[in-house]
Structure formats: C-alpha cells, structure tokens
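Chain and residue survey
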Amino acid sequence: MPISANVRIGEGSIVFHPELVNLYGCTIGEMTKIGTFVEIQAGASVGSRCKISSHTFICEGVVIEDDVFVGHGVLFTNDRYPRASKNGQLLTAEDWVMEPTVVRRGASIGSGAVILCGLTIGEGAMIGAGAVVTRDVPDHALVAGVPARLVRRLGSPA
C-alpha cells in the first residue's frame, strides 16, 4: 500500500497520485501538496501549506516546517557515514546514527538539491537547484553550488 495506515495527513492536504507515492509513519500538515513518486519515511514530518514536488526523498529524522517548497528530485540524507557491512556482516538498524535535519518555515529548496544530514536550513532561505548543502544555511540566505555557498542575503518577507 503506497500510503500506510499509520500516516497522519492534515485536513485539505492533497496527494496527487496516492498509488504512486511511498508514505509510511510520517506526519503531513494541513493544506500540503505531495507530488508523484515521493517517499516520506517513518519519523519524518512535513508542515502545513508545503509543496513537495515529484521524485523527492524525505528520510527519517527530517523535519520540514510550514510553508516550505521542495522542488523536484530533492534528496535528504540522515546518515553521515553510511555502510552496508562491516567485517563481512551486513549492518542493521542498530549500527548507524540517524542525524536529524530541520528545514525552517518558508524555506525553498530547488530541484535536484541534495541536503546532507545534521543541519538546519534557515527560515526563508533558498537553496539553488542542484546544490549540495553540507552545512547550516542562515535565515533568509540564498545558497547555490557544490558545495552550496552563500550567494546573497534575501530580504525577509513582509
């Protein structure tokens, strides 16, 4: 089942193609739009009035606050040192450390961005398309590139 029974979806939210998403154990606020081929894992949360575009992956430990735009094909991570095995043995859920990521209110993440774990994207910040975010992004900052660097400060919303 593409949308698990343990998903909490707020009033007025739209999942455009429920048969073409993978949502489980997550929380989605009110009036949020979820595009096609999106995966949102257990323990992740998406706020109200957000737009999550197609082909996006939001993993455990990611908190997206209200009014956030996430472009197409955005990828979040939650493990700083991922490995499949150690000494010839497959690793299990107990063998890794989940590092949370927070996207503050009103931020915007461009298509194809990769957001590494353990950081905060500030309120009203903008991430350029294709950027690789490796460290915290200040409030109302525009960052772009690989790795993402400050382009300029944005005016705060009225």
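Residues numbered from 1 in each chain as written. Predicted model: local features only at pLDDT ≥ 70, side-chain atom pairs only at ≥ 80, totals over all residues. Heavy atoms only, no water.

**Comments concerning the overall build of the chain**
Per the secondary structure count, the chain includes zero helices and 22 strands. Radius of gyration (C-alpha) of the chain: 16 Å, near the 15 Å computed for a compact globule of 158 residues. Each of the three principal axes of the chain carries a C-alpha extent, and together these read 50 × 40 × 20 Å. For the chain, with 158 residues in total, the buried portion stands at 41%. Looking at the chain alone, contacts between residues at least 24 apart form 17% of all its contacts between residues at least 6 apart. Seen as two clouds, the 13 positive and the 15 negative side-chain charges of the chain have centres 9 Å apart. (Helix = DSSP H or I, 4+ residues; strand = E, 2+ residues; numbered from the N terminus. Rg over C-alpha atoms; globule rule 2.2 N^0.38 Å. Buried < 20%, exposed > 50% of the residue type's maximum accessible area, 1.4 Å probe, protein only. Contact = heavy atoms within 4.5 Å. Lys, Arg positive; Asp, Glu negative; His and termini not counted. Charge placed at Lys NZ, Arg CZ, Asp CG, Glu CD.)

**Examining the environment of Leu75**
Mapped onto the elements of the fold, Leu75 is located in strand 12 (residues 75–76). The exposure class of Leu75 is partly exposed, given its relative accessible area of 35%. Remark: the alpha-carbon pair of Leu75 and Pro147, spanning 72 residues in sequence, is separated by 15 Å. Residues within four places of Leu75 in sequence aside, it is in contact with Phe57, Ala113, Val114 and Ile115.

**A few points about the side chain of Glu99**
Checked against the element boundaries, Glu99 lands in the loop between strand 14 (89–90) and strand 15 (101–103). At 2.7 Å, the side chain of Glu99 and the side chain of Arg80 are in polar contact. What Glu99 contacts, discounting residues up to four positions off in sequence, is Asn78, Arg80, Cys117 and Gly118. (Polar contact = N/O pair within 3.5 Å; in protein donor to acceptor, adjacent residues only side chain to side chain.)

**Section: unusual backbone geometry**
A cis amide bond links Val146 with the next residue in sequence, Pro147, at an omega value of -10 degrees. Locating Pro147 in the fold gives a position in the loop between strand 21 (141–144) and strand 22 (149–153). Although it is not a glycine, Asp67 sits at a positive phi angle of roughly 65 degrees. Looking at where Asp67 falls in the secondary structure, it is placed in the loop between strand 10 (62–64) and strand 11 (69–70). The class of Asp67 is partly exposed, set by a relative accessible area of 24%. Positioned with a positive phi, Asn87 is a non-glycine residue whose angle comes to about 55 degrees. When you line up the elements, Asn87 lands in the loop between strand 13 (85–86) and strand 14.

**Describing the pairing of strand 21**
As paired elements, strand 19 (residues 126–127) and strand 21 share two bridges and run parallel to each other. Along strand 21, the bridge assignment pairs Met126 with Leu142. By the bridge criterion, four bridges tie strand 21 to strand 22 in an arrangement that is antiparallel. Paired with Ala144 across the strands is Arg149, a residue of strand 22. The hairpin turn running from strand 21 into strand 22, its antiparallel successor, is four residues long, and Gly145 in that turn takes a positive phi close to 100 degrees. (Pairing = 2+ DSSP bridges.)

**A look at the sheet that holds strand 2 (residues 14–15)**
Ordered by their spatial adjacency, eight strands build an open sheet running 2-5-8-11-16-19-21-22, and the pairing between neighbours is mixed. Each edge of the open sheet is held by one strand with a lone partner, namely strand 2 and strand 22.

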